[in-house]
Amino acid sequence: QAKEAGRNTFRSHHLDVSTDVLNDLVIRNGLRPALERNEFSLHYQPILTLDSGALIGAEALLRWQHPTLGNVPPDRFIPVAELTGHIVGIGEWVLGEACREAANWSRRGLGELTVSVNLSPLQFRHGTLEAHVSAALAEAGLSARCLELEITESTLIGDTATLVGQLANLKAQGIRLAIDDFGTGYSCLAYLRRLPVDRLKIDRSFVADMSQDADDASIVRAIVQMAAGLGLRTTAEGVEEAHHHDALKALGCTEVQGYHYARPMPADAFACWAADRLGQPSAAISD
Ligand code: C2E
Ligand code: MG
Ligand code: MG
Ligand code: MG
């Protein structure tokens, strides 16, 4: 994974297949005790409004420090955790931890920030999600409107009646919902009318090539316009360059997230970053 190559001691570029198979086994076996051994943590990446650069919240991103593999990227272990079912327990921990941290932000005077938590389709199918969400909010003392849940289009495939019911119940509590990696899935767009969604997160693959590739620019433009028509906000992911920022602004995208503004940070570093930013309320995003 080139994006965090500097920090990952875990290497996935080995062409040696047996190494991958071995790593899969190590990951599979390592997931079971990882929660009790406190090997997971969350990093937080700021989400900002595109026009004023105001901080509106952060996405919680799971990190796993494995005793021998080192830092294993989520794209590597989450699919395994989904296969084994461990993602349900891990996801419950993520919800609790993210809500505790978000409650800290308001105690530290950082204002009412939203924490966004990624959910696996399995958490919906398992049937315990609503209970886990309510428990996480209650234990943290966090207002439901400060929690946003990110689901991918793959969640929307299958038993949609049950899913729509679950999402409606969560929404009724005041929780916000976002569709992550929007545009990469296969779902039918009609679900956007039936689901109580607040926000579309435009996948970073479209953002990355927007300036060179006219097709990607058209896709981003279409998503932004459709979202505006449906009364939804749009967050562009993976904004790495000033020219991405400028192009997104011209297209009317409302929120941004990416290395151009800030990388995902450990909890304390995020709180400091947010406090710094609050100290300069008029600071527009540099570009
Ligand atoms: P995602 O939800 O789409 O998260 C955004 C990913 O883009 C994160 O990767 C983030 O570090 C990365 N990113 C942010 N800005 C930039 C940028 O400017 N350039 C580039 N190249 N990348 C950027 P990360 O943290 O490796 O997470 C990967 C995926 O793992 C996430 O994609 C999400 O699908 C999944 N994930 C992470 N945490 C959790 C979790 O707690 N539960 C579940 N179920 N999935 C999670
Ligand atoms: Mg996400
Ligand atoms: Mg995404
Ligand atoms: Mg993703």
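Remember, it's a predicted structure, so these values are computed and weren't measured experimentally.

### Considering unusual backbone geometry
- We note that asparagine 38 has phi near 55°; this positive angle belongs to a residue other than glycine.
- Phi is positive for aspartate 181, close to 50°, though the residue is something other than glycine.
- Take aspartate 181: its relative accessible area is 26%, and that puts it in the partly exposed class.

### Comments concerning the nonpolar core
- Counting 81 residues, the largest nonpolar core has Leu149 and Leu248 as the members making the most contacts within it.
- The element that contributes the greatest number of residues to this core is helix α3 (residues 86-107), accounting for 10 residues.
- Those residues in contact with leucine 248 that sit more than four places away from it in its chain are Leu50, Val207, Met210, Val220, Ala236, Val239, Cys253 and Val256.

### Some words on the confidence of the model for the protein chain
- Mean pLDDT over the protein chain stands at 90; residues scoring 70 or higher make up 91%.
- Contacts for the low-pLDDT stretch residues 1-9, under 50 throughout, to residues beyond four places or in other chains number 16 contacts.
- Note that pLDDT drops below 50 for residues 281-287; the model gives that stretch 18 contacts with residues more than four away or on any other chain.
- We note a pTM of 0.91 for the whole complex and an ipTM of 0.98 for its interfaces.

### Considering the pattern of salt bridges
- The full count for this structure, using the stated rule, is 11 salt bridges.
- Between glutamate 59 and lysine 201 there is a salt bridge, and its shortest N-O distance comes to 2.9 Å. Taken together, the residues span a long stretch of sequence, with glutamate 59 in strand β2 (residues 55-66) and lysine 201 in strand β7 (residues 199-202) at a distance of 142 residues. Here the two residues glutamate 59 and lysine 201 agree in accessibility, since each one is buried.
- In this structure, the salt-bridge partner of glutamate 150 is lysine 201, at a minimum N-O distance of 2.6 Å. In this pair, glutamate 150 is assigned in strand β5 (residues 147-152) and lysine 201 in strand β7, connecting sequence segments 51 residues apart.

### Structural notes on the environment of cysteine 146
- Tracing the backbone through its elements, the reader meets cysteine 146 in the loop between α5 (129-140) and β5.
- The exposure class of cysteine 146 is buried, given its relative accessible area of 6%.
- With 33 residues separating them along the chain, cysteine 146 and isoleucine 179 place their C-alpha atoms 17 Å apart.
- Residues within four places of cysteine 146 in sequence aside, it is in contact with Glu112, Leu113, Thr114 and Val115.

### Looking at the site of ligand 1
- Of all residues adjacent to ligand 1, which total 24 residues, the nearest are Asn118, Asp180, Arg204, Glu240 and Tyr259.
- Between arginine 204 and ligand 1, the recorded distance is 2.7 Å, taken from a side-chain N or O atom to an oxygen atom.
- One of the side-chain nitrogen or oxygen atoms of glutamate 237 is found 3.3 Å away from an oxygen atom of ligand 1.
- Isolated, ligand 1 exposes 800 Å² of accessible area, and the fraction of that covered by the protein chains is 92%.
- Assessed atom by atom at 2 Å from the grid points, ligand 1 resides in the largest pocket.
- For the shell around ligand 1, the elements supplying multiple residues, two or more each, are β2, α2 (74-84) and β6 (176-182).
- Considering each element in turn, the shell around ligand 1 owes the most residues, 4 residues, to β2.
- Grouping the constituent residues of the shell around ligand 1 by class yields 9 nonpolar, 5 polar and 10 charged.

### Quick look at the coordination of the magnesium ion (ligand 2)
- Within the protein, the atoms that donate to the magnesium ion (ligand 2) are Glu59 (OE), Asn118 (OD1), Glu150 (OE) and Asp180 (OD), at distances of 2.0 to 2.2 Å.
- Spacing between the donor residues of the magnesium ion (ligand 2) along their common chain follows E-x58-N-x31-E-x29-D.
- Between the magnesium ion (ligand 2) and the magnesium ion (ligand 3), a separation of 4.1 Å is found, and both are coordinated by aspartate 180. Taken together, the residues asparagine 118 in strand β4 (residues 114-118) and aspartate 180 in strand β6 connect sequence positions 62 residues apart.
- Overall, aspartate 180 belongs to the buried group, its relative accessible area being 6%.

The rules behind these values
- Residues numbered from 1 in each chain as written.
- Chains lettered and ligands numbered in written order.
- Predicted model: local features only at pLDDT ≥ 70, side-chain atom pairs only at ≥ 80, totals over all residues.
- Heavy atoms only, no water.
- Buried < 20%, exposed > 50% of the residue type's maximum accessible area, 1.4 Å probe, protein only.
- Core = buried A, V, L, I, M, F, W, Y, C linked by side-chain atoms within 4.5 Å.
- Helix = DSSP H or I, 4+ residues; strand = E, 2+ residues; numbered from the N terminus.
- Contact = heavy atoms within 4.5 Å.
- pLDDT = per-residue confidence, 0-100.
- Salt bridge = Lys/Arg side-chain N within 4 Å of Asp/Glu carboxyl O.
- Near = heavy atom within 4 Å.
- Polar contact = N/O pair within 3.5 Å; in protein donor to acceptor, adjacent residues only side chain to side chain.
- Areas by Shrake-Rupley, 256 points an atom, 1.4 Å probe, with all protein chains shown as cover.
- 1 Å grid on protein atoms, 1.4 Å probe; cavity = no way out; pocket = protein on both sides within 12 Å on 5 of 7 lines; lining within 4 Å.
- Sits in = over half its atoms within 2 Å of the grid points.
- Nonpolar A, V, L, I, M, F, W, Y, C, P; charged D, E, K, R; others polar.
- Donors = N, O, S within 2.8 Å, 3.2 Å for Na, K, Ca; no water.

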